[in-house]
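Chain by chain, the residues:
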Amino acid sequence: MKQQGILAVVSGFSGAGKGTLMKALLEKYDNYALSISATTRKPREGEVHGREYFFMSVDEFEALIANDQLIEHAKYVSNYYGTPRSYVEEKMAEGKDVILEIEIQGALKVKEKFPETLLIFVVPPSAEELKKRLIGRGTETMEVIEQRMNRATEEAEAMDAYDYILVNDDLNKAVESLHNLIQSQHMQARCNAELIKTMKEELAAIVG
Ligand code: ADP
Ligand code: 5GP
């Protein structure tokens, strides 16, 4: 019997490299499904509706909330972000390991609803490197970068609530660590009820 997929949440400061890590992980391995969030933020250069996000108006977003179509939602630097429910449920049932790349408030809500969720927090090797990456990405004004650095200071307070901290220094090493971490969850006893049952039956049949 195929195991249900693992639900993993990846959070981290803006600019830590979450998007880059996700892209590399999905290119290398095919057992993952990355949830696409809904947001009221405007698309950045190169972002495509339905690929990076479902971009929508505040009214449209609030309709999703009202219809209970989001697993969680949160406000981040004056925009709404939320995780559509149906995709996550379908993919997990298919046996895919589903990754939500979401911020802390959302992550904690998901963990509360589904305690078996694996919470991973991605950090850069240093705060200086974080600022460098945000500037180097070139997608935000200096004002927004300052806001995101301030938000990182607040978010650092919640890092303790996560199950694992992943340092994204060498990208390839970080991808491998992330993959190994998620795959190791499949070995948990609670994920192997069928195997445990079969083993007990086989033992009983031999020992009598
Ligand atoms: P996030 O999704 O966490 O906001 P991004 O994936 O957009 O972060 O990465 C922010 C910037 O840092 C990008 O310009 C990206 O190319 C760069 N970056 C990501 N990972 C690494 C890494 N391991 N080493 C050096 N630069 C990185
Ligand atoms: P960005 O604007 O840089 O794409 O994302 C800003 C923050 O929103 C990031 O920390 C990202 O992980 C988070 N985020 C993206 N989608 C969701 C979501 O569906 N729910 C929540 N709670 N946060 C999200």
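Residues numbered from 1 in each chain as written. Chains lettered and ligands numbered in written order. Predicted model: local features only at pLDDT ≥ 70, side-chain atom pairs only at ≥ 80, totals over all residues. Heavy atoms only, no water.

(A) Fine view of helix 1 (residues 18-28). The set of residues buried in helix 1 consists of Lys18, Leu21, Met22 and Leu25. Buried residues in helix 1, looked at end-on, bunch into an arc of 100°, giving them a common side. Opposite its buried face, helix 1 presents the exposed residues Lys23 and Glu27, each directed more than 90 degrees away. Lining the buried residues of helix 1 we find strand 1 (7-12), strand 2 (32-34), strand 7 (97-101), strand 8 (118-123), strand 9 (164-167) and helix 7 (171-184). (Buried < 20%, exposed > 50% of the residue type's maximum accessible area, 1.4 Å probe, protein only. Helix = DSSP H or I, 4+ residues; strand = E, 2+ residues; numbered from the N terminus. Arc of directions from axis to C-beta. Contact = heavy atoms within 4.5 Å.)

(B) The environment of Ile65, seen in detail. Mapped onto the elements, Ile65 comes out in helix 2 (residues 58-66). Residues Ile65 and Thr153, 88 residues apart in the sequence, show an inter-C-alpha distance of 29 Å. Not counting the four nearest positions on each side in its chain, Ile65 is found in contact with Leu70 and His73.

(C) Region of the structure containing the packing of helix 5 (residues 127-137) against helix 6 (residues 142-156). Between helix 5 and helix 6, the shortest axis-to-axis distance is 11 Å and the interhelical angle comes to 150°. When the axis of helix 5 is compared with that of helix 6, the two are roughly antiparallel. As for the relative orientation of helix 5 and helix 6, their crossing is right-handed in sense. Only Met142, Ile145, Glu146, Arg148, Met149 and Ala152 of helix 6 make contact with helix 5, whose side of the interface consists of Ala127, Leu130, Lys131, Leu134, Ile135 and Arg137. Residues that form the contact of helix 5 with helix 6 fall into these classes: eight nonpolar, no polar and four charged. (Axes fitted to C-alpha atoms, helices over the stretch in contact; angles between N-to-C directions. Parallel < 35°, antiparallel > 145°, perpendicular 65-115°, else oblique. Left-handed = near helix turned anticlockwise from the far one by under 90°. Nonpolar A, V, L, I, M, F, W, Y, C, P; charged D, E, K, R; others polar.)

(D) Expanded view of the side chain of Glu140. Following the sequence through the fold, Glu140 ends up in the loop between helix 5 and helix 6. A residue is classified by how much of its surface remains accessible, and Glu140, at 15% relative accessible area, is buried. In terms of polar contacts, Glu140 uses its side chain to reach the side chain of Arg137, at 3.0 Å. A polar contact is formed between the side chain of Glu140 and the side chain of Thr139, at a distance of 2.7 Å. Among residues more than four places away in sequence, those in contact with Glu140 are Arg44, Ile145 and Arg148. (Polar contact = N/O pair within 3.5 Å; in protein donor to acceptor, adjacent residues only side chain to side chain.)

(E) Local environment of the pattern of salt bridges. One pass over the structure, following the stated rule, counts 16 salt bridges. With a closest N to O distance of 3.7 Å, Arg85 and Glu89 form a salt bridge. Linking Arg85 with Glu89, this pair stays in helix 3 (residues 85-93), spanning four residues, or about one helical turn. Connected via shared salt-bridge partners are Arg41, Arg44, Glu47, Arg137 and Glu140. (Salt bridge = Lys/Arg side-chain N within 4 Å of Asp/Glu carboxyl O.)

(F) Here's a closer look at the site of ligand 1. Taken together, 13 residues surround ligand 1, and among them Gly15, Lys18, Thr20, Arg137 and Asp169 come closest. The contact in question runs from an oxygen atom of ligand 1 to an N or O atom on the side chain of Lys18, over 2.8 Å. Within the side chain of Asn168, an N or O atom sits 2.9 Å from a nitrogen atom of ligand 1. The fraction of the free accessible surface of ligand 1 (560 Å²) that becomes covered by protein chains is 73%. Listed by contribution, the elements that provide at least two residues to the shell around ligand 1 are helix 1 and helix 5. The dominant element in the shell around ligand 1, judged by the number of residues it contributes, is helix 1, at three residues. (Near = heavy atom within 4 Å. Areas by Shrake-Rupley, 256 points an atom, 1.4 Å probe, with all protein chains shown as cover.)

(G) A look at the nonpolar core. If you look at the biggest cluster of nonpolar residues, it comprises 23 residues, and the most contacted ones within it are Leu7, Val9, Val88, Val98, Leu100 and Val110. Of all the elements in the fold, those that place two or more residues in this core are strand 1, helix 3, strand 7, helix 4 (104-113), strand 8, helix 5 and helix 6. With sequence-adjacent residues up to four places away left out, Leu100 is seen in contact with Leu7, Ala8, Val9, Val10, Ser35, Thr83, Val88 and Val110. Counting 20 residues, the second largest nonpolar core, distinct from the first, contains Ala16, Tyr29, Ile120 and Val175. (Core = buried A, V, L, I, M, F, W, Y, C linked by side-chain atoms within 4.5 Å.)

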